[in-house]
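# Chain and residue survey
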Amino acid sequence: SNVMTVYSGKLTLTSHGDRVTYHNITEQVKELVKESGIKEGICVVASPHTTCSVIFEELSYDKNYYGYEYLQVDLNNLLEKLAPRCTTEGQYYHPGPNHIKVGLEDFKGKISPEAYTMLNTDAHLKSTLIGTSETFVIENGELQIGLVGSIYFIDWDQIRKRDRTCLIKIIGE
C-alpha cells in the first residue's frame, strides 16, 4: 500500500524595498521536491503575505538595466496602469484612519512601525489580482513545468527592504 507523505519547506527571501522584487525560486522548489522523495503528487508554493504573489511564467532571457526580465517589465507596466504605486495618503481609500490606528496602536508597531509603511495599497491590489499561490503536479519525482517554466515569488510592496517567507507543501507518495 502507498503511504501519503506531507513534506514542508520554507524559503526566506529578501526584497529590495525600493521597487517590486521578483525571486526566481524554481531551483529551490525542485530541490525540495527531490528532498521530499515524493514521486507522484502535488507541490503548493504559497505566500503568507497579503502583498506578495507566486506566479508560473516563462523564463524571459532578455533583461533591463534593473535586472527585470522583459516579461516582468511587461507585467509591472500592465499592473501599474491598473493600480499605480501608492505615493501619498488619500490616493486610495485604503488605508483609512481606523486601519492606521490599528496598525500603529493595537499592533504596537510590530507590523507597521510607521504610518507611511501602510501606503502599500497598490501592492495589496496587485497581490489580489495575481494570486498568492500556485500548485504544480509531480510525476516520476519531477515538477511538471516544462523546459522554460519558472516559479517566481513576487513582493509587490515597494515601501521598505525586508525578509519575506515563501511556504512550500509537497503532498503525495
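This write-up is about the structure you can find in this document.

This paragraph deals with empty space enclosed by the protein. Taken as a whole and judged by the stated rule, the model has one cavity of 30 Å³ or more. The computed volume of the largest cavity comes to approximately 40 Å³. As for the largest cavity, its lining consists of Arg85, Cys86, Leu119, Asn120, Asp122, Ala123, Trp156, Asp157, Gln158 and Ile159. Of the residues contributing to the lining of the largest cavity, the split by class is five nonpolar, two polar and three charged.

This brings us to the packing of aromatic side chains. Applying the stated rule across the entire model yields four aromatic pairs. Between Tyr22 and Tyr68, the ring centres sit 5.8 Å apart and the planes meet at 85°, which makes this aromatic pair edge-to-face. In this pair, Tyr22 sits in strand β2 (residues 21–24) while Tyr68 sits in the loop between β4 (52–58) and α2 (70–82), placing the two residues 46 residues apart along the sequence. Each member of the pair, Tyr22 as well as Tyr68, is classed as buried. Judged by centre distance (5.4 Å) and plane angle (75°), the ring pair of Phe56 and Phe136 falls under edge-to-face. Here the residue Phe56 occupies a position in strand β4, and Phe136 occupies one in strand β5 (residues 133–139), the gap between them amounting to 80 residues. Given the relative accessible area of 37%, Phe56 is considered partly exposed. On the basis of relative accessibility, which here comes to 4%, the residue Phe136 falls in the buried class. Grouping aromatic residues by their ring pairs yields a cluster made of Tyr22, Tyr66, Tyr68 and Trp156.

Where nonpolar side chains cluster on the molecular surface, the patch consists of Tyr61, Leu147 and Val148 and spans about 410 Å² of accessible area. Along the chain, Tyr61 falls in the loop between β4 and α2. With a relative accessible area of 64%, Tyr61 lands in the exposed category.

Reading guide: rules and limits
- Residues numbered from 1 in each chain as written.
- Predicted model: local features only at pLDDT ≥ 70, side-chain atom pairs only at ≥ 80, totals over all residues.
- Heavy atoms only, no water.
- 1 Å grid on protein atoms, 1.4 Å probe; cavity = no way out; pocket = protein on both sides within 12 Å on 5 of 7 lines; lining within 4 Å.
- Points joined across faces, edges and corners; volume = space filled by probe spheres on them.
- Nonpolar A, V, L, I, M, F, W, Y, C, P; charged D, E, K, R; others polar.
- Phe/Tyr/Trp six-rings, centres within 6.5 Å; stacked < 30°, edge-to-face > 60°.
- Helix = DSSP H or I, 4+ residues; strand = E, 2+ residues; numbered from the N terminus.
- Buried < 20%, exposed > 50% of the residue type's maximum accessible area, 1.4 Å probe, protein only.
- Patch = residues over 30% accessible without salt bridge, like charges linked within 9 Å, V, L, I, M, F, W, Y side chains within 5 Å.
- Areas by Shrake-Rupley, 256 points an atom, 1.4 Å probe, with all protein chains shown as cover.
- Salt bridge = Lys/Arg side-chain N within 4 Å of Asp/Glu carboxyl O.

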